[in-house]
Amino acid sequence: MSNIVDSLVGQIASRVRTERERRRWTLAQLADASGVSQAMISRIERGESSPTAVVLGKLSAAFQLSVASLLALAEGTQDGTDTPAGVRRRADAAEWRDPATGYRRRQITGPHFPAEIAEIRLPAGAQVPYPAAAFAFVRQVVWVLDGHLTFHDGDTVHELNAGDTIELGEPTERLFANTADTECRYAVILTRGAQP
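Residues numbered from 1 in each chain as written. Predicted model: local features only at pLDDT ≥ 70, side-chain atom pairs only at ≥ 80, totals over all residues. Heavy atoms only, no water.

We now examine the packing of aromatic side chains. Throughout the structure, instances matching the rule amount to six aromatic pairs. Each ring, one from phenylalanine 176 and one from tyrosine 186, has its centre 5.5 Å from the other, and the planes form 5°; the classification is stacked. Residue phenylalanine 176 is located in strand β9 (residues 174-177), and its partner tyrosine 186 is located in strand β10 (residues 184-192); the two are separated by ten residues in the primary sequence. Pair check on accessibility: phenylalanine 176 and tyrosine 186 agree, each one buried. The ring of tryptophan 25 is capped by arginine 23, whose NZ or CZ atom sits 5.9 Å from the centre of that ring. Looking at arginine 174, its charged tip hangs above the ring of phenylalanine 135, at a distance of 4.6 Å from the centre. (Phe/Tyr/Trp six-rings, centres within 6.5 Å; stacked < 30°, edge-to-face > 60°. Helix = DSSP H or I, 4+ residues; strand = E, 2+ residues; numbered from the N terminus. Buried < 20%, exposed > 50% of the residue type's maximum accessible area, 1.4 Å probe, protein only. Lys NZ or Arg CZ within 6 Å of the ring centre and 35° of its normal.)

On to the pairing of strand β6 (residues 148-153). The element β6 is extensively covered by neighbouring structure, given that five of its six residues are classed as buried. Where β6 meets strand β7 (residues 156-161), six bridges bridge the pair, whose relative direction is antiparallel. Among the inter-strand pairings, histidine 148 is bridged to a residue of β7, identified as asparagine 161. Linkage of β6 to β7, two consecutive antiparallel strands, is achieved through a turn of two residues, within which glycine 154 is found at a positive phi near 65°. Where β6 meets β9, four bridges bridge the pair, whose relative direction is antiparallel. Pairing of threonine 150 across the sheet is with alanine 177, part of β9. (Pairing = 2+ DSSP bridges.)

Once that is clear, we can look at the pattern of salt bridges. All told, the structure shown has 14 salt bridges when counted by the stated rule. Notably, a salt bridge pairs glutamate 19 with arginine 15, separated by 2.9 Å at the nearest N-O pair. Here arginine 15 and glutamate 19 lie together in helix α1 (residues 7-22), a separation of four residues that amounts to about one turn. This pair shows no difference in class: glutamate 19 is buried, exactly as arginine 15 is. Here arginine 174 makes a salt bridge to aspartate 153, at a shortest N to O gap of 2.5 Å. With arginine 174 in strand β9 and aspartate 153 in strand β6, this residue pair connects regions lying 21 residues apart in the sequence. One connected set of salt bridges, linked through shared partners, spans Glu95, Arg104, Arg106, Glu119, Arg121, Asp146, Glu183 and Arg185. (Salt bridge = Lys/Arg side-chain N within 4 Å of Asp/Glu carboxyl O.)

This is how it looks when you write it as structure tokens:
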């Protein structure tokens, strides 16, 4: 059963607003830092628009958070309490869906676990680019679980199949692309590195 929930859009809206206000940024300052228009940020914060994976990447980069961190923190704000340690049932896990590509992301770990793990499902033909800033201050591994992933790491292209992993180095622009005719499922595992 799919558990793609509209409430996650509201939780993301709340988290984006909270992160902006924590920094005492105006909409204009966040727009400058992220490259996302003020109008789009305003619609996201009001829960009127579900951000795409590209927009989430730009916003998380401006906040110096990973997309996984931003989504894990958003999930943790559902009822104002943190997700407890212990069993997390698949049926209870919220899954975020990119409205532009159909890319689906499910957080495996809660916001306070020392490593962030997410399961990604990238539809056939979809591609998701991220700016270099989205990878600042994190150590990250991508592990292909099913299918084929064409991964652009700056100017280098890697063709990854089920079971293959790649440990990411210094931040650079990256592109996750599914050039196959079937879905690609992969895991992203990351830890935070040195902060500015």
